[in-house]
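Next come the chains, spelled out residue by residue.
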Amino acid sequence: MAFYYRLMRYKEQMVRPPDRYTFKKHYIMHLPKGIFNYLLSKEVTAEHSRMESILHHARRARRE
């Protein structure tokens, strides 16, 4: 969650913030490998998942 909030803070400071897809893609691609693999196993992608779903599964991956 700290990584997500840091990205949000940077996004808010940008003159031209990234679109939703680019933001989700950057977030997913820079997660630790274990969490990234968990998201892939749950078929969570930047293209087809809402940010809330991505965060939900990332939090679940940390518990497992």
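The text that follows walks through the structure, step by step, so that each part is easy to find. (Residues numbered from 1 in each chain as written. Predicted model: local features only at pLDDT ≥ 70, side-chain atom pairs only at ≥ 80, totals over all residues. Heavy atoms only, no water.)

Here's the deal with the side chain of S49
Turning to step 1, where the next piece is worked out: If you trace the backbone, S49 turns up in the loop between α3 (33-41) and α4 (51-63).
Turning to step 2, where the next piece is worked out: Aside from chain neighbours lying at most four places away, what touches S49 is K24, E43, V44 and I54. (Helix = DSSP H or I, 4+ residues; strand = E, 2+ residues; numbered from the N terminus. Contact = heavy atoms within 4.5 Å.)

Section: the packing of aromatic side chains
Turning to step 1, where the next piece is worked out: Enumeration according to the criterion identifies four aromatic pairs in this entry.
Turning to step 2, where the next piece is worked out: Judged by centre distance (5.5 Å) and plane angle (20°), the ring pair of F3 and Y27 falls under stacked. Here F3, found in helix α1 (residues 2-13), pairs with Y27, found in helix α2 (residues 20-29); they are 24 residues apart in sequence, far enough to count as distant.
Turning to step 3, where the next piece is worked out: Accessibility expressed as a relative area gives 22% for F3, which makes it partly exposed.
Turning to step 4, where the next piece is worked out: Consider the rings of Y4 and F23, whose centres lie 6.1 Å apart with planes at 75°: the pair is edge-to-face. Separated by 19 residues along the polypeptide, Y4 in helix α1 and F23 in helix α2 bring together distant segments of the chain. (Phe/Tyr/Trp six-rings, centres within 6.5 Å; stacked < 30°, edge-to-face > 60°. Buried < 20%, exposed > 50% of the residue type's maximum accessible area, 1.4 Å probe, protein only.)

So, the nonpolar core
Turning to step 1, where the next piece is worked out: The biggest cluster of nonpolar side chains holds 16 residues, and the ones touching the most others in it are Y4, Y27, I28, L39, M51 and I54.
Turning to step 2, where the next piece is worked out: Of all the secondary-structure elements, those providing two or more residues to this core are α1, α2, α3 and α4.
Turning to step 3, where the next piece is worked out: Counting residues per element, this core draws most heavily on α4, which supplies five residues.
Turning to step 4, where the next piece is worked out: Aside from chain neighbours lying at most four places away, what touches L39 is I28, L31, V44, I54, H57 and A58. (Core = buried A, V, L, I, M, F, W, Y, C linked by side-chain atoms within 4.5 Å.)

Side note on unusual backbone geometry
Turning to step 1, where the next piece is worked out: Within the chain, E43 stands out as a residue other than glycine whose phi angle is a positive 60°.
Turning to step 2, where the next piece is worked out: Turning to its location among the elements, E43 is positioned in the loop between α3 and α4.

Section: the environment of R60
Turning to step 1, where the next piece is worked out: Within the fold, R60 resides in helix α4.
Turning to step 2, where the next piece is worked out: Assessed through its relative accessible area of 34%, R60 is described here as partly exposed.
Turning to step 3, where the next piece is worked out: Residues R60 and F23, spaced 37 residues apart in sequence, show a C-alpha to C-alpha distance of 20 Å.

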